[in-house]
Amino acid sequence: MTVTADRRRTNRSPYLLLIPAVGILVIGMGYPLVWQVVTSMQEYGLQQQFGKPAPFVLFDNYLALAGNADLWAVVARSIAFCLLTAVATLAVGLLLALLMSAVGRAPRIILQIALLLAWSMPVVAAMTVWIWLFDRRRGAVNYLLDLVPGVEMNRFNWLESPTTFFIVASVIVIWMSVPFVAFSSYAGLTQVSDEVLEAAQLDGANGRQRFFGIILPMIKPVIAIVFLLQIIWDLRVFTQITMLQDAGSKSGDFDLLGTYIYKLGTKSQDFGMASAVSILVLAITIVLSWFYIRSLLKEDES
Amino acid sequence: MRRRIIVVAAATAAALVLAGCSSADSPEESGGTDITLWLNGGDTPDELRDYLTSEYEDATGGTLTIEEQSWTDALAKLTTALPDADNTPDVVEIGNTWAPTFTYAGAFTDLSDMYDELGGDALLPSFVEVGSVDGAEYALPYYFGSRYMFYRKDVWEKAGVTVPTTLTEFNETAAALKTDDQSGFYFGGEDWRNGVSWVFANGGELAVKDGDEWKSTLSDPNTVTGLEQLQTLFADASLAPVTESDSTPWVNLNNNETTGAPEAATIIAPGWAHWSIGDAAPDPEDPTKVVNTWNDAVFGTFVLPGVDGGVAPVFAGGSNIAISAASKNQESSKELLKIVFSDEYQKMLGENGLGPANLDFASSLGDDQFATALIESAAESKLTPAAPGWAAVEGSGLLEEFFGKVNGGGDVEELATEYDAKIDELING
């Protein structure tokens with residue numbers, strides 16, 4: 001690198017400038033995290049909430065979780081849900097981004113406004129409308145499907161079986177996160193220079209080859225970070241699931257990790273165990289995002 | 001011009017000074033302590049709320065703020081707010097089935113010293129019991145309700161059936177009334193609060209105390225008998241989703257606005273549901289809304305009959321009321337309780353269709369069919385187990401899950417054993 005040793009030694013200001021941000025992170029996230037680790041090693045129920053001393057049980061909570069088949073079913077379901085939803089979100093978002101760069105100014109602006117409206121819609125309001133759409137009696141979805149000849153969808157209850165429940169949940173989550181992916185990818189696409197694409201075209205590359213051979217590698221950093229964020233968001237999805245459960249079933253078959261922890265902690269008042277599951281979710285998040293961190297490290301090395 | 005500016009300036013200065021005075025004066029003027037009361041759902045009508053706030057102000061000079069919590073979130077909010085002295089409500093309404101858990105945990109103030117003053121032995125005993133630990137009273141009854149049946153006289157008449165006198169007769173009638181578009185008896189598969197009546201009626205229990213420990217008794221033979229009856233009834237009489245738990249069943253008893261026919265011939269609901277049942281007509285005050293007015297020719301009530309006739313034990317609805325132990329305003333909170341348990345307020349509860357905590361005022365419920373059905377069904381009603389961990393059991397959703405699986409056609413005995421084990425882990429707190 002070209003930075004001289006002298007300059008490196010004297011320039012401390014970047015580190016000074018980092019202090020507020022790091023300080024806020026430590027206070028804002030470190031404190032609850034430490035607290036959570038401590039609680040996860042305690043027997044902490046409602047009586048402890050009201051001041052009784054909490055006995056330390058070390059790893060008993062974790063051991064109990066390891067043998068809990070319900071939990072592992074929820075973990076498997078959550079990971080499957082988050083991966084499928086994140087991939088679908090990415091695919092739809094990317095297609096919309098390509099559409100945005102392909103169409104003219106007016107349709108693009110209409111598309112962007114539509115996406116922004118979806119993005120800025122408060123979750124609870126959007127969920128209320130989605131639940132109406134999928135209502136078994138008066139929902140627009142059933143009504144429209146019923147119009148198709150040969151399809152009998154009147155009174156079909158989408159929220160009755162876990163499979164259709166999670167399809168609905170996935171559609172809603174995708175709808176809510178596609179705008180973010182679309183805008184980020186579109187921003188990435190604008191950075192792909194026209195000259196390179198023109199040169200490739202002159203060399204005889206067709207549309208598909210240009211996309212996979214040139215565009216995709218060039219916007220890969222954007223895609224990677226967006227995909228990572230989607231995975232993290234979809235793993236801890238809570239509001240959508242809990243509101244669908246209110247409209248459907250309270251049964252554990254409809255739980256993902258977020259609602260599982262909420263039921264365990266706030267509703268069944270077993271805060272120790274709920275903290276242990278939260279730590280587990282943190283670990284899963286780190287494992288799932290490892291591919292990204294590794295690629296970052298690799299880039300640093302090169 | 002200049003003159004005008006001076007006038008404006010003077011006026012502004014005067015306004016500032018006056019504003020300063022008034023803001024400095026107001027706390028002294030009122031003098032009392034401001035407290036907060038949490039009520040759940042819309043069960044307490046506005047008239048009663050207004051009474052509480054104005055009486056509290058008259059009695060103490062302070063302001064009473066009433067904050068309404070939704071029934072679904074109340075348990076979680078109480079869990080997090082009650083221990084926190086800075087954020088706790090001072091007085092709380094608490095679902096009767098949650099009272100034992102919070103009482104055992106030490107969430108409430110001991111009210112034994114004012115128990116007699118507030119009504120003593122005249123207070124509904126089963127509700128006092130769930131709010132007591134070791135003979136000291138912490139959470140007192142607030143109001144009670146009960147569930148009874150609402151039915152469509154026109155549909156029943158057309159099918160040629162009459163009001164049943166035993167539970168078996170009811171089950172058969174409900175099955176006979178079911179058509180492809182109409183439930184004979186509409187209830188959700190996960191709706192354990194209503195479904196449990198069949199368990200109670202057959203002598204079953206959800207849990208019993210064995211020595212010092214509570215044990216879930218879903219696999220008790222009597223409980224299983226009740227659950228099997230319920231399973232058959234759900235399959236034969238109800239078109240409700242197996243995943244439905246808390247719902248608004250009365251909408252199914254009213255005519256569907258598109259088909260002009262009801263979706264259910266019979267429902268079970270808390271007594272106050274009758275305000276929502278009836279012939280639909282545009283609201284005279286707001287033509288965009290529809291109001292339902294009870295019509296005796298079309299709608300009727302009866303009490304769920306027991307196995308051998310008489311009255312089946314239904315789930316006793318209602319609430320307790322308590323002072324948060326963490327509250328900094330204990331004395332003022334006690335003042336509020338005195339208002340709640342005053343003769344006047346107890347009468348008002350009854351007049352609004354809520355069973356008054358003080359049974360001396362039960363007559364204020366009146367003697368119409370709703371009051372009669374309420375009193376009759378409440379007399380036999382049962383509470384959920386007074387176990388320290390009962391709120392956790394309810395919060396976990398295990399009962400919804402269990403009843404849903406039973407009504408979904410699962411093997412009752414197998415499921416009962418499985419869920420007994422799950423509930424036993426939570427029930428002792």
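Keep in mind that this is a model prediction, so the values were computed, not measured. (Residues numbered from 1 in each chain as written. Chains lettered and ligands numbered in written order. Predicted model: local features only at pLDDT ≥ 70, side-chain atom pairs only at ≥ 80, totals over all residues.)

*Asks:* Residues and numbers for the overall build of chain B, please.
*Replies:* Within chain B, the secondary structure is distributed over 17 helices and 15 strands. Each principal axis of the C-alpha distribution contributes one length, and for chain B these read about 90 × 60 × 40 Å. The buried share of chain B, reckoned over its 429 residues, is 49%. Sequence separation of 24 or more characterises 74% of the internal contacts of chain B that already satisfy a separation of 6 or more. (Helix = DSSP H or I, 4+ residues; strand = E, 2+ residues; numbered from the N terminus. Buried ≥ 20, exposed ≤ 12 C-beta atoms within 10 Å, placed from the backbone. Contact = placed C-beta atoms within 7 Å.)

*Asks:* Go over unusual backbone geometry, please, and point to the residues and values.
*Replies:* Residue and element names in this part refer to chain A. Positive phi values are uncommon outside glycine, yet Arg 155 reaches one of about 70 degrees. In this model, Gln 269 sits at a positive phi of 60 degrees, which is unusual for a non-glycine residue. When you line up the elements, Gln 269 lands in the loop between α13 (257-267) and α14 (271-288).

*Asks:* Which residues make up the sheet that holds strand β1 (residues 35-40) of chain B, and what are the values?
*Replies:* Residues and elements named next belong to chain B. Strand order in the open sheet made by the six strands is β2-β1-β3-β14-β6-β15, with mixed pairing throughout. Every interior strand has two partners, whereas the edge strands, β2 (64-69) and β15 (355-356), have only one. Both strand β6 (residues 140-145) and β15 contribute to a ladder of two bridges, which runs antiparallel. Each bridged residue has a counterpart across the sheet, and for Tyr 143 the counterpart in β15 is Pro 356. (Pairing = 2+ DSSP bridges.)

*Asks:* Break down the packing of helix α9 (residues 162-190) of chain A against helix α12 (residues 239-247) of chain A for me, with residues and values.
*Replies:* All names here are of chain A. Viewed as axis vectors pointing N to C, α9 and α12 meet at an angle of 135 degrees, and their least axial separation amounts to 10 Å. Overall, the two elements α9 and α12 adopt an arrangement that is oblique. Along this stretch, α9 crosses α12, giving a crossing that reads as right-handed. Along the contact surface, α9 presents Phe 165, Val 168, Ala 169, Ile 172 and Val 173, while α12 presents Gln 240, Ile 241 and Leu 244. Looking at side-chain class alone, the contact of α9 with α12 contains seven nonpolar, one polar and no charged residues. (Axes fitted to C-alpha atoms, helices over the stretch in contact; angles between N-to-C directions. Parallel < 35°, antiparallel > 145°, perpendicular 65-115°, else oblique. Left-handed = near helix turned anticlockwise from the far one by under 90°. Nonpolar A, V, L, I, M, F, W, Y, C, P; charged D, E, K, R; others polar.)

*Asks:* So what about the interface of chain A and chain B? Which residues, and what values?
*Replies:* In this complex, chain A contributes 20 residues to the contact, which on the side of chain B involves 24 residues. Contributing elements (two or more residues each) for the side of chain A that touches chain B: α3 (46-49) and α13 of chain A. In terms of residue class, the side of chain A that touches chain B is built from three nonpolar, 12 polar and five charged.

*Asks:* Give a description of the environment of A:Ser120 that names residues and reports values.
*Replies:* Residue placement: A:Ser120 occurs in helix α6 (residues 105-120). For the pair formed by A:Ser120 and A:Leu159, sequence separation is 39 residues and the distance between their alpha carbons is 26 Å.

*Asks:* Run through the sheet that holds strand β13 (residues 299-302) of chain B, naming residues and quoting values.
*Replies:* Residue and element names in this part refer to chain B. The strand order across the open sheet formed by three strands is β10-β7-β13, and the pairing between neighbours is antiparallel. The sheet terminates laterally at β10 (266-270) and β13, the two strands that pair on one side only. On average, adjacent strands in this sheet sit at an angle of 35 degrees to one another, irrespective of strand direction. Examined bridge by bridge, strand β7 (residues 147-152) and β10 share five bridges and lie antiparallel to one another. When the bridges of β10 are listed, Arg 147 appears paired with Pro 270.

*Asks:* I'd love a proper account of the nonpolar core, names of residues and values included.
*Replies:* Counting residues in hydrophobic clusters, the biggest one holds 116 residues, and the most contacted among them are B:Phe102 and B:Phe150. Per-element tally for this core: the top contributor is helix α17 (residues 412-427) of chain B, with seven residues. For B:Phe102, the contacting residues outside a window of four places in its chain are B:Leu78, B:Leu82, B:Ile94, B:Ala107, B:Phe108 and B:Ala391. With 48 residues, the next largest nonpolar core counts A:Val74, A:Leu94, A:Val181 and A:Leu264 among its residues. (Core = buried A, V, L, I, M, F, W, Y, C linked by C-beta atoms within 7 Å.)

*Asks:* Requested: an account of the pairing of β2(B), with residues and values cited.
*Replies:* Residues and elements named next belong to chain B. Across six bridges, the pairing between β1 and β2 is parallel. Directly across from Leu 39, in β2, lies its bridge partner Glu 68. Taken together, β1, helix α2 (residues 46-60) and β2 form a β-α-β motif whose crossover is right-handed. (Right-handed = clockwise from strand over helix to strand, strands pointing away.)

*Asks:* Can you tell me about the domain arrangement of chain B, naming the residues and giving the values?
*Replies:* All names here are of chain B. Each assigned domain of chain B is listed here: domain 1 (30-145 + 316-379) and domain 2 (147-313 + 397-427). Measuring from the centre of the C-alpha atoms in domain 1 to the corresponding centre in domain 2 gives 28 Å. With nine residues of domain 1 in contact, the opposing surface of domain 2 contributes nine residues. Per-element accounting of the side of domain 1 that touches domain 2 gives the leading share, six residues, to helix α14 (residues 369-379). Among the residues forming the side of domain 1 that touches domain 2, the class breakdown is three nonpolar, five polar and one charged. (Domains from an automatic or database assignment.)

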